[in-house]
There are 2 protein chains.
Amino acid sequence: MKKWEEYIRKVTPYVPGEQPKNTDVIKLNTNECPYPPSPAVKEVIHNINSDKYRLYPDPDATFLCGAIADYYNVDSDRVFVGVGSDDVIAMAFMTFFNSDKPILFPDITYSFYDVWADLFKIPYETVRVDDDFKIIKESFDRENGGIIFPNPNAPTAIGMPLEEVEYIIKNNQDSVVIVDEAYVDFSDCTAMDLIDKYDNLLVIQTYSKSRAMAGMRIGFAIGNKKLIDAMKAVKFSYNSYTMNMPSIYAGAAAINDKEYFEEIRDKIVNTRTKAMEKLKELGFSMTDSKTNFLFVTHKTKPAKEIFEALKEKNIYVRYFNKDRIDNYLRITVGTDAQMQALYFALEKILGK
Amino acid sequence: MKKWEEYIRKVTPYVPGEQPKNTDVIKLNTNECPYPPSPAVKEVIHNINSDKYRLYPDPDATFLCGAIADYYNVDSDRVFVGVGSDDVIAMAFMTFFNSDKPILFPDITYSFYDVWADLFKIPYETVRVDDDFKIIKESFDRENGGIIFPNPNAPTAIGMPLEEVEYIIKNNQDSVVIVDEAYVDFSDCTAMDLIDKYDNLLVIQTYSKSRAMAGMRIGFAIGNKKLIDAMKAVKFSYNSYTMNMPSIYAGAAAINDKEYFEEIRDKIVNTRTKAMEKLKELGFSMTDSKTNFLFVTHKTKPAKEIFEALKEKNIYVRYFNKDRIDNYLRITVGTDAQMQALYFALEKILGK
């Protein structure tokens, strides 16, 4: 080993859900939207004056922040945008979690929280979700340097009622509380309703799920102006230009097309209801999904076996080989046709 | 001040070159290309199947890495791409600079190096460029945890001959040496010629200058496979999807159009030669630019005054209020017509 190799950072690489190059695969493994984005997205990208690509994009992404602000009826200086919600959450960790006290998040949750905490040397502790995977609001009632949890939670798909979210924010007003709402559009409540009430609340959302734009990398945070200004200061201190020009304009076009958004969201919620029934008939039990995926376990067949058998049939779902959830599958809600293919495959695998 | 505000990270925000909303401005302040990108960029973005925006982009950006690898005639597993070269350099800092010894870079150089070093808690020392702003190759002959310098250097515009670059790499084989070649296409040598010879060498380039695509945010690094694998591991450990789909395809299309690239590069180099002459006539002296900008000082009129007077005339150039260079201006080489406007304005300002 050469000397310089000693100074290479040692990391545990994250393995994302597979992006198969084979296009025959039915992809129910990364919670993408099965429908295309709003036609307005295509149009706006077509109409960008390509001469303008030579210029740096607007570092403030003013146009996109304005559209998001209009949608949520807040001032645009209360919106921060980033290259996917991963970028936004990482920036929020870096900006707000600089206390010596541990930050808190659920033990079963999005798998990047502990990664970012390690990366930025932020102390953390996890709080245990109950045996039905529910986040217990009182578990955050202890000294901390910040709190983050997804609502609905992933990969459990469980939504927390707004009163419980508020309980956590209200009881932790000395810390910034981040509610990661990646899946909120498939749910029935949002912490956006609390941002005027609590100045320590930051709500983060994404275009990757309900807005069918994972390929464009857009995420955003909304909170009080002080929080947003702090995030901007940190961002601009080390990287001015991150979101590219097509994403700025496409993001604005998408959020302006509310009608299309509601149409595809309703389709997914509908398919989800039918899928829950059908999977129950096949011997699965599951949490009450408030997301665009189902978190299921089978009464007899181990999850890992089902995962592998489905993969052989070119149907990709997600399996986590992790404590407490290693007999569960996370299945993205696809189109009705994709789900039909899933049911047929499962019937075969389960010998029905 | 509330308790949570105490835990907000304190930063000195970077002020990027202004991106005026007023389109009448002649923008010679951020070293963008004055010509549009290859027509192939427009075409490929038009032809993207917009249904695919719903999917996460290929985290490996295989298509783009392949095109860059072909262009430089290396294996594609020796290419790392990121969201602009800022993203790539920051990732390289994080990956390679984990020694307790200080990293080294010139005292007059790209203003983000010390920012990233601070951000990632990397110790650093600067090496003094000489009174003509030349990097002294021997100044790196001391213990260090890594080295980075731009070649050509910014904002001085000076290029270092390849033998001197090689001297630095050869004499520092215990460290990773990063040559930041943001402006290399306007120069006459590249450290790409040394990557097969030195396994501690990482070369970083960008699409923001010579390829006229600052708005798409594309940068890349080429080095030995071990370096590239280490960067990928760090990247994937905390953020899988960064470069969006349009950038992946547009980036490949641009690098494939070598003819157009050479055409606009030659035009800029031509305009640069004429500009150097003309500015000398106006009483300026300057370094021998190997970039798409000029680093100039006037014999009588202070740089700051010229900067402000030009701004009033809607011509934006860059002024750095920094030790050693506070009587210099950095002027991007624009089109011939833009430069003509600059000369007229300067003649008025200088009373010629």
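So, how was this worked out
- Sequence positions are assigned chain by chain, starting from 1 and proceeding in written order.
- Working convention: letters from A go to chains and numbers from 1 go to ligands, in the order in which they are written.
- Local features in this predicted model are restricted to residues of pLDDT 70 or higher, and side-chain atom pairs are both shown and tallied only at a pLDDT of 80 or more, whereas totals for entire chains, interfaces and linings draw on every residue.
- Excluded from the side-chain calculation are hydrogens and water; included are all heavy atoms of the structure.
- Secondary structure is summarised from DSSP: a helix means a run of H or I of at least four residues, a strand means a run of E of at least two, and numbering begins at the N terminus for each.
- Our radius of gyration looks at C-alpha atoms and nothing else; its globule reference is 2.2 Å times the residue count to the power 0.38.
- Note on exposure labels: buried denotes an accessible area under 20% of the residue type's maximum, exposed denotes more than 50%, and partly exposed covers the range between, all computed with a 1.4 Å probe on protein chains only.
- Contacts between residues were defined by any pair of non-hydrogen atoms, one from each residue, lying within 4.5 Å.
- We get accessible surface area from the Shrake-Rupley algorithm with a probe of 1.4 Å; when it comes to residues, only the shown protein chains can shield them.
- Counting rule applied: Lys, Arg positive; Asp, Glu negative; His and chain ends not counted.
- Note on charges: their place is set at NZ of Lys, CZ of Arg, CG of Asp or CD of Glu.
- Throughout, nonpolar core names a set of buried Ala, Val, Leu, Ile, Met, Phe, Trp, Tyr and Cys residues whose side chains join them through atoms within 4.5 Å.
- A strand pair is defined by DSSP finding two or more bridges across the two strands.
- By definition, the buried area sums, over both parts, the 1.4 Å-probe accessible area that each loses when the two are put together.
- Criterion for a salt bridge: a side-chain nitrogen of Lys or Arg within 4 Å of a carboxyl oxygen of Asp or Glu.
- Side-chain atoms alone can form a polar contact between residues adjacent in sequence; in general such a contact is a pair of N or O atoms within 3.5 Å, and within protein one must be able to donate a hydrogen while the other accepts it.
- Ten residues, namely Ala, Val, Leu, Ile, Met, Phe, Trp, Tyr, Cys and Pro, are considered nonpolar, four, namely Asp, Glu, Lys and Arg, are considered charged, and the remaining ones, Gly among them, are considered polar.
- Paired rings are identified among Phe, Tyr and Trp, the last through its six-membered ring, by centres lying within 6.5 Å, and are further divided according to the angle between planes into stacked (under 30 degrees), edge-to-face (over 60) and tilted (the rest).
- A ring is scored as having a charge over it whenever the NZ atom of a lysine or the CZ atom of an arginine sits within 6 Å of its centre and within 35 degrees of its normal.

Draft legend 1. Local environment of the overall build of chain A. Helix and strand counts for chain A stand at 10 helices and 13 strands. A compact globule built from 352 residues would reach a C-alpha radius of gyration of about 20 Å, and chain A, at 21 Å, matches this within 12%. Summarising its shape, the C-alpha atoms of chain A cover approximately 60 × 55 × 50 Å along the three principal directions. Sorting the 352 residues of chain A into buried and exposed places 63% on the buried side. By sequence separation, contacts in chain A at least 24 residues apart represent 72% of the contacts at least 6 residues apart. For chain A, the computed accessible surface area is about 13500 Å², with 46% contributed by carbon and sulfur atoms. Charged side chains in chain A number 44 positive and 52 negative. The centres of these two groups are separated by 5 Å.

Draft legend 2. Just the nonpolar core, in detail. Counting 122 residues, the largest nonpolar core has Leu-64, Ile-68 and Phe-149 of chain A together with Leu-64, Ile-68 and Phe-149 of chain B as its most contacted members. Setting aside residues up to four positions removed in sequence, Ile-68 of chain A forms contacts with Val-79, Val-81, Tyr-207, Phe-220, Ile-222 and Ile-255 of chain A. Among the nonpolar cores identified, the runner-up in size contains 66 residues, and Leu-227 of chain A together with Phe-80, Met-91 and Phe-120 of chain B belong to it.

Draft legend 3. Representation of the sheet that holds strand β12 (residues 318-319) of chain B. Residues and elements named next belong to chain B. Pairing is antiparallel across the open sheet formed by 4 strands, whose spatial order is β9-β10-β13-β12. At either margin of the open sheet sits one strand with a lone partner, and together these are β9 (284-286) and β12. Of the strand pairs in this sheet, strand β10 (residues 293-298) and strand β13 (residues 329-332) are connected by 4 bridges, and their pairing is antiparallel. Residue pairing in the sheet places Leu-294 in a bridge with Ile-331 of β13.

Draft legend 4. Structural view of the interface of chain B and chain A. Taken residue by residue, the interface counts 82 residues in chain B and 82 residues in chain A. In total, about 7100 Å² of surface goes out of reach between chain B and chain A, with carbon and sulfur atoms giving 58% of it. Where chain B packs against chain A, one counts 4 salt bridges. Two residues, Lys-226 of chain A and Glu-5 of chain B, come together in a salt bridge whose shortest N-O distance is 3.4 Å. On the surface where chain B and chain A come into contact, there are 42 residue pairs in polar contact (both at pLDDT 80 or more). Of all the elements in the fold, those that place two or more residues in the side of chain B that touches chain A are α1 (39-47), α3 (84-96), α4 (113-119), α6 (225-238) and α7 (245-256) of chain B. Here the residues of the side of chain B that touches chain A are counted per class, giving 42 nonpolar, 22 polar and 18 charged.

Draft legend 5. Representation of the packing of aromatic side chains. Inspection of every chain in the model, using the stated rule, returns 42 aromatic pairs over all chains. Ring geometry for Tyr-110 of chain B versus Tyr-113 of chain B: centroids 5.7 Å apart, planes at 85°, classification edge-to-face. Taken together, Phe-93, Phe-97, Phe-105, Tyr-110, Phe-112, Tyr-113, Trp-116 and Tyr-124 of chain A form an aromatic cluster joined through their ring pairs. The cationic tip of Lys-311 of chain A hangs over the ring face of Tyr-316 of chain A; the distance from NZ or CZ to the ring centre is 5.5 Å.

Draft legend 6. Structural detail: the sheet that holds strand β13 (residues 329-332) of chain A. Pairing is antiparallel in the open sheet, where 4 strands are placed in the order β9-β10-β13-β12 (chain A). Strand pairing shows two members of the sheet lacking a second neighbour, β9 (284-286) and β12 (318-319) of chain A, which therefore form its edges.

Draft legend 7. Quick look at unusual backbone geometry. That bond from Ala-154 of chain A to Pro-155 of chain A is cis: its omega, 0°, falls within 30 degrees of zero. Within the secondary structure layout, Pro-155 of chain A lies in the loop between β5 (147-150) and α5 (162-170). Positive phi outside glycine occurs at Asn-73 of chain A, with the angle close to 60°. Counting through the fold element by element, Asn-73 of chain A comes out in the loop between α2 (62-72) and β2 (79-82). The class of Asn-73 of chain A is exposed, set by a relative accessible area of 71%. Of note in this structure, Arg-324 of chain B is not a glycine but carries a positive phi near 80°. Tracing the sequence through the fold places Arg-324 of chain B in the loop between β12 and β13.

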